[in-house]
Amino acid sequence: MPGTIALADVVLTAAPPRAHLVERVRPRLGELVSGLQLVAEGMLGVESSIDFVGVEPSGRVVLILLGEPGEDLALVGRALAQRAWVEPRVRDWIQLAPDIGARPDAGVRVVLLCNGFAAETGAAVESLGSDVISLVRYRCLRNGADLHLVFERPSDPPPATVAAPAAGLPPAFRTGLTDEDLDLTAEELSSLE
């Protein structure tokens, strides 16, 4: 059938360079945080940039940080530092731009976007609560020349065919796609474990 894509044409691929990843994430911020109004990008915070700053409809400020492979646990520390830096500045931002919709009493939350999270990272974030930090994993799928991002949350329920995680372990990141759906080689499978 013309215009359809065979699933065998879709392959899991490495993330693009950071600048391209930011470009691909920007138009999809509403998928990460419902109703998010983007107010700043690449804003300097505590010794490093905050990738995206937005405001939820509730008035809560949301910081979105993109992590590089293997830096997810360090990103938790960076997220806490940026959150602590932003919180006392929200009132000043409202004075400078009263129409941004932020409310100081609504707080500040951080969304971490990485291609994977270690068990330690999940445990650390869980201990803080989702009102402080939320995790979102991205996967890059290539279909010919097109690159697609798929977002997954650790809290997303696994498909019915996946066994529940053992007690005390963080839930698995699952899209519902099987290894057969992605037609992965043994080498590709081992790199995902």
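This is a predicted model, so every value here is computed, not measured.

Moving on: the overall build of the chain. For the chain, the count of helices and strands is seven helices and seven strands. Put simply, the chain runs from its N terminus to its C terminus through helices and strands in the order β-α-α-β-β-β-α-α-β-α-β-β-α-α. Looking at the chain residue by residue over its 193 residues, the buried ones come to 37%. A fraction of 53% describes how many contacts in the chain between residues 6 or more apart in sequence connect residues 24 or more apart. Counting every atom, the chain has about 10700 Å² of accessible surface; 54% of that belongs to carbon and sulfur.

Okay, the pattern of salt bridges next. A complete count under the given rule lists ten salt bridges for this structure. E41 is paired through a salt bridge with R26; the nearest N and O atoms lie 2.7 Å apart. Taken together, the positions of E41 in strand β2 (residues 37-44) and R26 in the loop between α1 (18-25) and α2 (29-32) put the pair 15 residues apart, joining distant regions of the chain. With relative accessibility at 36%, the residue E41 sits in the partly exposed group. Across the pair R103 and D105 runs a salt bridge, and its minimum N-O distance is 3.2 Å. Connected through salt bridges with shared partners, the residues R18, D51 and E68 form a single ionic network.

Here we come to the environment of A102. With respect to the element layout, A102 can be found in the loop between α4 (90-96) and β5 (108-114). In this structure, the C-alpha to C-alpha distance between A102 and V62, residues 40 residues apart in sequence, is 9.8 Å.

With that settled, consider helix α5 (residues 119-128). Think of an α-helix as 3.6 residues a turn; residues three or four steps apart then line up on the same face. Burial in α5 covers these residues: T121, G122 and V125. Down the axis of α5, the smallest arc covering the buried residues is 95°, so these residues share one side. In α5, the exposed positions angled more than 90 degrees off the buried face are occupied by E120, E126 and S127. Elements in contact with the buried residues of α5: α3 (72-86) and β6 (133-143). Two residues or fewer past α5, G129 is found with a positive phi of approximately 100°.

Further remarks concern α3. Along its 15 residues, α3 runs 21 Å from first to last C-alpha, staying within 8% of the 21 Å computed at 1.5 Å per residue. Within α3, burial applies to D72, L75, V76, A79, Q82, R83 and V86. Projected onto a plane normal to the axis of α3, the buried residues spread over an arc of 135° and lie on a single side. Against β3 (49-55), β4 (61-66), α4, β5, α5 and β6 lie the buried residues of α3.

Here E47, not a glycine, exhibits a phi torsion of approximately 60°, which is positive. Note on placement: E47 falls in the loop between β2 and β3.

Turning our eyes to something else, we now look at the side chain of T121. Looking at the secondary structure, you find T121 in helix α5. Separated by 2.5 Å, the side chains of T121 and D72 make a polar contact. Within the structure, the side chain of T121 is placed 3.4 Å from the backbone nitrogen of L73, a separation counted as a polar contact. For T121, the residues in contact, after removing those within four places along its chain, are D72, L73, V76 and L135.

So, on to the packing of α3 against α5. The interhelical angle for the contact between α3 and α5, taken along N-to-C directions, is 25°, at an axis separation of 8 Å. Here α3 lies roughly parallel to α5, going by the angle between them. Considering the relative orientation of α3 and α5, their crossing is left-handed. On the side of α3, the interface is formed by D72, L73, V76 and L80, while α5 contributes E120, T121, V125 and L128. Grouping the constituent residues of the contact of α3 with α5 by class yields five nonpolar, one polar and two charged.

So, how was this worked out
Residues numbered from 1 in each chain as written. Predicted model: local features only at pLDDT ≥ 70, side-chain atom pairs only at ≥ 80, totals over all residues. Heavy atoms only, no water. Helix = DSSP H or I, 4+ residues; strand = E, 2+ residues; numbered from the N terminus. Buried < 20%, exposed > 50% of the residue type's maximum accessible area, 1.4 Å probe, protein only. Contact = heavy atoms within 4.5 Å. Areas by Shrake-Rupley, 256 points an atom, 1.4 Å probe, with all protein chains shown as cover. Salt bridge = Lys/Arg side-chain N within 4 Å of Asp/Glu carboxyl O. Arc of directions from axis to C-beta. Expected span 1.5 Å × (residues − 1). Polar contact = N/O pair within 3.5 Å; in protein donor to acceptor, adjacent residues only side chain to side chain. Axes fitted to C-alpha atoms, helices over the stretch in contact; angles between N-to-C directions. Parallel < 35°, antiparallel > 145°, perpendicular 65-115°, else oblique. Left-handed = near helix turned anticlockwise from the far one by under 90°. Nonpolar A, V, L, I, M, F, W, Y, C, P; charged D, E, K, R; others polar.

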